[in-house]
Amino acid sequence: MSMTLSEKIIARAADKGRVQPGEIVTCRVDLAMMHDSSGPRRVKPMLEQLGAKVWDPGRVVIITDHYVNESDPESLAIEDVTRKWARAHHISQFHEAQGICHIVLPECGYLRPGMFVVGGDSHSTTAGAFGCFMVGIGATEMAGVLVSGEIWVRVPSTIQVRGLGRLPDGVAAKDIMLMLCRLIGISGANYKVVEYTGTTVESLSMDERMVLTNMSAELGAKTGIIAPDEITLAATRSALSAATPWRGDDGANYERVIDFNANELAPQVAAPHSPENSAPVDAHADVKVDQAYIGACTGAKLADLKMAARILHGRKIARDAPLFIAPASLRIAEQAKQDGTLAALEAAGAKILPTGCGACIGLGPGSLGEGKVGIASTARNFKGRMGAPTSRTYLASPYTVAASAVTGRITDPREFV
Amino acid sequence: MKIECNRAWVFGDSIDTDVLAPNAYMMKPVEELARHCLEAVDPEFASSVRLGDAFVAGENLGIGSSREQAPQALMLLGIRVLLAKSFARIFYRNALNLGLPALVCADVDRIRQGDALRVNPLAGTVENLTMRETLDCEPLPSHLMEMIADGGLLAHLKKKLRSGGNS
C-alpha cells in the first residue's frame, strides 16, 4: 500500500509497517527543540512535579531567541532559568542568542531527512524543508515528551501543493504562501500536512523552501514538508539512503491537490489582521506605511537580506518610513557582512538590529506604537502582535517590504528590480 | 462527567493566541498575563468572567502560536469548558493537556452571551438551560477521556509513573 512522505516518517517513528490517515499512533521522538519562552521556564516545574528526568539529553536542543535582547528583570530571569536548567539536565546542545530557533536548528546540522521532531513553537513546521516531519507542541506536551521520549499523533492526511514554472523576478516564496493563505484560508489545512512539490519548488533554494514550510503554520497545518533532493542533501550534508528513500510512493493518496502557475504569480500583500487577507500588491498600492521590518524566522535569512539589498542598491529609504532589519541568526549576519549585503542595506539607511524574534513578537525596535502602520516580512499580522493593539501590520516579501520602505507606500517591487 | 456553566461568553471566528495571551505580557507570570486575556477584543472580559463560565467561539479557536498560556489564561480566569465550531490543532491539544475540555460543536451559533449551559463531554451534549434545548457536540476521543478524567497530561503521567507503568 502506497504512503505519502509524512506517513512513511510517522510509520517509521511508530515502528509500524504502514499507517493511514485518521489512525492514532505513538511515535518515538528523534529530537525535541525548545526555546526560552516555552522551554525550561515552563517545563521545569512540570518535571519537578513529576519527579522525572529527561529521557535522553542527547535528543534535546535548546535555542534561546525570544527574550535574549531584553533587559527587564522578568526576561533576565527567564534566560537565567533556561541556562541553569540546561546545565542541570546535561543538555549540551544549548545555543544562546545565536539566532532564531527554526534557523539555528538546521544551521547547526541537527536535521536529517526522515526525522520525527517536535518543537515548542508553532513555526516548527519550518524543518519540513529538510525532509523532516516536525510539529509544534505546547509546554505540557513537551514535558510529556521530555520524560517519555514519545508522543501520540493522529496520522494526518496530506494536501499536495504543486507549483509549475519559475517565479518571476521580484516575486518570492513568501508570495506563494500569502497567495495560499487566501486560497486555502488560515485553517484550511488544520490537522493536515501540506507537501510542496513541482518544478517551482525544485528550483527554490533552501532559504526559500523554508518559507513554504514555515508558513504552513499560517494554513493551520500540522506541518509542511518537502521531499529531499540534491539541494536538501547538500544542505544537510547527508546522503540519501537507498533503503529509505524519503519521498512519497507513486500512487500515494493525497486528500487534495492544488496546482499553481509560478510564472504568473504577482507580489502579494496581506492586510491586517490575518495572513489570509492577502491580495496582489496593486490592491494596497496607496497605503502609507510608518515603518518597515525585515526579520523573523520567516523573512530574514541570507536570501531575504539579499532580496532587500537588491531593491535598495543605489536607493535611499523614505525619511518617514524607517526600515529595521534583524538577521535571523548570527551566522547569517556574519555572511551578510562578509559579502557586502549589510553594507548595501546600511548605505540605503536601514537600521540593523541584533538577531532574535524581536519586533515579530512586539519586542524592541521595529515594533509598532499606537495607531502605527507597518509592513513586515514576518508570518503573522494578528491584532497587536507587533506592538500596540491599535497598530496595523501588512505582510509581504522582503522585496516588497524594501520597495515600500523606499517610497513610504506599499509598492510593487517589480518596478525596482 | 457533567460540567455546569453559569454563563456562556460568546466570541466569533479565529480568536487567535496573540489576543488570548498578548506578547506584551508573555514574559510575566501567567496569572498576570491572564488579566490581559482578550483585552484587544473585549477589554471587559478578563475582569468580568467568573469561575464556572463557558467559552464559546466560532471556527478556528486558538489559531497561531503554540503558547500554552492561551488556554491556561482562560482556565485561570475560571473558564471550565471550551466550545467551538473548530479548534486550531496546537491550542486544542494544549487545552486538553491542561485538563480543560475542548469540544467541537457545530451549533454554537444557537448559544447566546450569558446562557447557562450543562456540558457532557462523554455523551457529546450541550444542554442550554436558558434556551431549554440540547445541542450535539462531538464526544471527546476515547484516548483522551482518561487523561481529561485524570485532570490533564501531567496528572495522567504522574499516575502512570507512580503505578510503575510506561507512559
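A brief report on the enclosed structure follows. Because the structure is a prediction, the values reported are computed rather than measured.

**Overview of the overall build of chain A**
Part 1: Scanning chain A from N- to C-terminus turns up 14 helices and 18 strands.
Part 2: Radius of gyration (C-alpha) of chain A: 21 Å, near the 22 Å computed for a compact globule of 417 residues.
Part 3: Dimensions along the principal axes, computed over C-alpha positions, put chain A at roughly 60 × 55 × 40 Å.
Part 4: For chain A, with 417 residues in total, the buried portion stands at 65%.
Part 5: Taking all contacts inside chain A whose residues are at least 6 apart in sequence as the whole, residues at least 24 apart take part in 77%.
Part 6: For chain A, the accessible area works out to roughly 14200 Å², and carbon and sulfur atoms hold 50% of it.
Part 7: Across chain A, the centroid of the 42 positively charged side chains sits 1 Å from that of the 44 negatively charged ones.

**Concerning the packing of helix α6 (residues 142–150) of chain B against helix α7 (residues 153–162) of chain B**
Residues and elements named next belong to chain B.
Part 1: It is at 7 Å that the axes of α6 and α7 come closest, and there the two elements cross at 90°. Compared by their axis directions, α6 and α7 come out roughly perpendicular. Across from E146, M147 and D150 in α6, the residues of α7 making contact are L153, A155, H156 and K159.
Part 2: When grouped by side-chain class, the residues that make up the contact of α6 with α7 number 3 nonpolar, 1 polar and 3 charged.

**Details of the pattern of salt bridges**
Residue and element names in this part refer to chain A.
Part 1: Taken as a whole, this structure holds 30 salt bridges over all chains when the rule is applied.
Part 2: Among the ionic pairs, D259 bridges to R162, the shortest N-O distance being 2.7 Å. Of this pair, D259 sits in strand β11 (residues 256–261) while R162 is found in strand β8 (residues 158–164), placing the two residues 97 residues apart along the sequence.
Part 3: The closest approach of N and O atoms between D229 and R209, which form a salt bridge, is 2.8 Å. Pair noted here: D229 is in the loop between β10 (223–225) and α9 (230–236) and R209 is in helix α8 (residues 206–214), with a separation of 20 residues, a long-range link.
Part 4: Connected through shared salt-bridge partners, D80, R83, K84 and E96 make up one network.

**Let's talk about the state of the cysteines**
Part 1: Considering all chains together, one arrives at 0 disulfides over all chains under this definition.
Part 2: Of the cysteine sulfurs around A:C27, a residue in no disulfide, the closest is that of A:C132, at 14 Å.

Each value, and the rule that gives it
Residues numbered from 1 in each chain as written. Chains lettered and ligands numbered in written order. Predicted model: local features only at pLDDT ≥ 70, side-chain atom pairs only at ≥ 80, totals over all residues. Heavy atoms only, no water. Helix = DSSP H or I, 4+ residues; strand = E, 2+ residues; numbered from the N terminus. Rg over C-alpha atoms; globule rule 2.2 N^0.38 Å. Buried < 20%, exposed > 50% of the residue type's maximum accessible area, 1.4 Å probe, protein only. Contact = heavy atoms within 4.5 Å. Areas by Shrake-Rupley, 256 points an atom, 1.4 Å probe, with all protein chains shown as cover. Lys, Arg positive; Asp, Glu negative; His and termini not counted. Charge placed at Lys NZ, Arg CZ, Asp CG, Glu CD. Axes fitted to C-alpha atoms, helices over the stretch in contact; angles between N-to-C directions. Parallel < 35°, antiparallel > 145°, perpendicular 65-115°, else oblique. Nonpolar A, V, L, I, M, F, W, Y, C, P; charged D, E, K, R; others polar. Salt bridge = Lys/Arg side-chain N within 4 Å of Asp/Glu carboxyl O. Disulfide = S-S within 2.5 Å.

By themselves, these are just geometric observations and shouldn't be taken as functional.
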